[in-house]
Amino acid sequence: MRRPLTAIALAVATATVLTTSQAGAAGVRTEGEGWKAAEIVGITSVSPVRTYTVTFRTEAIRERYAPYLGTAVRQLAAVGLRLRIGGVEPGDPRRCGPAYHIQFTEMYRPTGTPGWSQGAPCPHQPRGLGRGGLVAIDSEYFDGTYHIEPHVLANTVTHELLHALGLDHPNRDLDGDGTAAAYECVTTSAGVRPLMCSPNGGYRAAEAGRLTPFDLAGVEALLANARTRGIG
Ligand SMILES: [Ca+2]
Ligand SMILES: [Zn+2]
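From a predicted model like this one, the values you see are computed outputs, not experimental measurements. (Residues numbered from 1 in each chain as written. Chains lettered and ligands numbered in written order. Predicted model: local features only at pLDDT ≥ 70, side-chain atom pairs only at ≥ 80, totals over all residues. Heavy atoms only, no water.)

1. Side note on the coordination of the calcium ion (ligand 1)
Each protein donor to the calcium ion (ligand 1) is listed here as Asp173 (OD), Asp175 (OD), Asp177 (OD), Thr179 (O), Glu184 (OE) and Glu184 (OE); together their distances run 2.2 to 2.5 Å. One can describe the site at the calcium ion (ligand 1) as irregular: its six donor atoms subtend angles covering 53 to 161° at the metal. In the primary sequence, the donor residues of the calcium ion (ligand 1) line up as D-x1-D-x1-D-x1-T-x4-E. (Donors = N, O, S within 2.8 Å, 3.2 Å for Na, K, Ca; no water. Tetrahedral: all angles 85-135°; square planar, octahedral: opposite > 155°, others 65-115°.)

2. Concerning the environment of Ala182
Note that Ala182 resides in the loop between strand 10 (167-168) and helix 5 (213-229). For Ala182, a relative accessible area of 51% gives the class exposed. Measuring from C-alpha to C-alpha, the distance between Ala182 and Ser198 comes to 5.7 Å, with 16 residues separating the pair along the chain. The contact partners of Ala182, leaving out residues within four places of it in the chain, are Asn171, Ser198 and Pro199. (Helix = DSSP H or I, 4+ residues; strand = E, 2+ residues; numbered from the N terminus. Buried < 20%, exposed > 50% of the residue type's maximum accessible area, 1.4 Å probe, protein only. Contact = heavy atoms within 4.5 Å.)

3. Thoughts on the coordination of the zinc ion (ligand 2)
Looking at the metal site, the zinc ion (ligand 2) is ligated by His159 (NE2), His163 (NE2) and His169 (NE2), spaced 2.0 Å from it. Sequence spacing among the residues donating to the zinc ion (ligand 2) works out to H-x3-H-x5-H. As far as burial versus exposure is concerned, His163 and His169 are alike and both buried.

4. Examining the state of the cysteines
Summed over the entire model, instances satisfying the criterion amount to two disulfides. Between the sulfur atoms of Cys96 and its disulfide mate Cys122 the distance is 2.1 Å. In this structure the cystine formed by Cys96 and Cys122 twists about its S-S bond by roughly -130°; its chirality is therefore left-handed. Highlighted residues: Cys96 in the loop between strand 5 (82-88) and strand 6 (101-107) and Cys122 in the loop between strand 7 (118-121) and strand 8 (129-130), separated in sequence by 26 residues. Judged by its relative accessible area of 33%, Cys96 is partly exposed. With relative accessibility at 1%, the residue Cys122 sits in the buried group. The residue that forms a disulfide with Cys185 is Cys197, at a sulfur-sulfur distance of 2.0 Å. (Disulfide = S-S within 2.5 Å.)

5. Brief notes about the pattern of salt bridges
Pairing of side chains with opposite charge becomes possible as their charged atoms draw close. Within the structure shown, the criterion is met by six salt bridges. For Arg94, the salt bridge identified is with Asp92, shortest N-O distance 3.2 Å. Owing to a relative accessible area of 65%, Arg94 belongs among the exposed residues under this scheme. For Asp92, a relative accessible area of 24% corresponds to the partly exposed category. A salt bridge links Arg109 to Glu140; the nearest nitrogen and oxygen atoms lie 2.9 Å apart. Here Arg109 is found in the loop between strand 6 and strand 7, whereas its partner Glu140 is found in the loop between strand 9 (132-138) and helix 4 (150-165), with 31 residues between them in sequence. (Salt bridge = Lys/Arg side-chain N within 4 Å of Asp/Glu carboxyl O.)

Dropping the structure here:
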């Protein structure tokens, strides 16, 4: 789930120009099997040397969401992305925070759609290098007005984190009907969709919240793009 933040969406009109120049950069990959970079908002890499820090708007939000992120942190470290869980940091959920911070907050229907959460990278960074972003989880999951299965919640929290890092939805028109529909994503032989599939994907039950091999390949590609372009 599911879309760029509103302010970020407004910037999409200018993204086309950036996309053209970035696609021309030798060796930069912006999509692959089950993953896609957030190229529409100008992000094609993540830093292989800087440390990204997840912060939370309040202590209650930290206590609620930090436990969901431990597995992702370990998986990301294993492929060379430095991400740490930080503390409480006040902020405006409509503006990007300090460099290399990913700010978590909770909002009522951040996209306007019941049950949808939102995550986005700070758009249009120099040379396409992601410098963190914003995540707003829908407060309806916790106020009793929107039922969300525990595994979907776990997957949603990680999904939004990966949006903020710079991954987009990898949905594709696999059946050739002209539309990349909801849930229309490649799957593993076991039937697992990418965590980044829209509106959600990933594992069920105990492995919920884990990145799938598709998502990890996407993060590795974003890291490789930074190295290819000599940026960090
Ligand atoms: Ca289709
Ligand atoms: Zn999404």
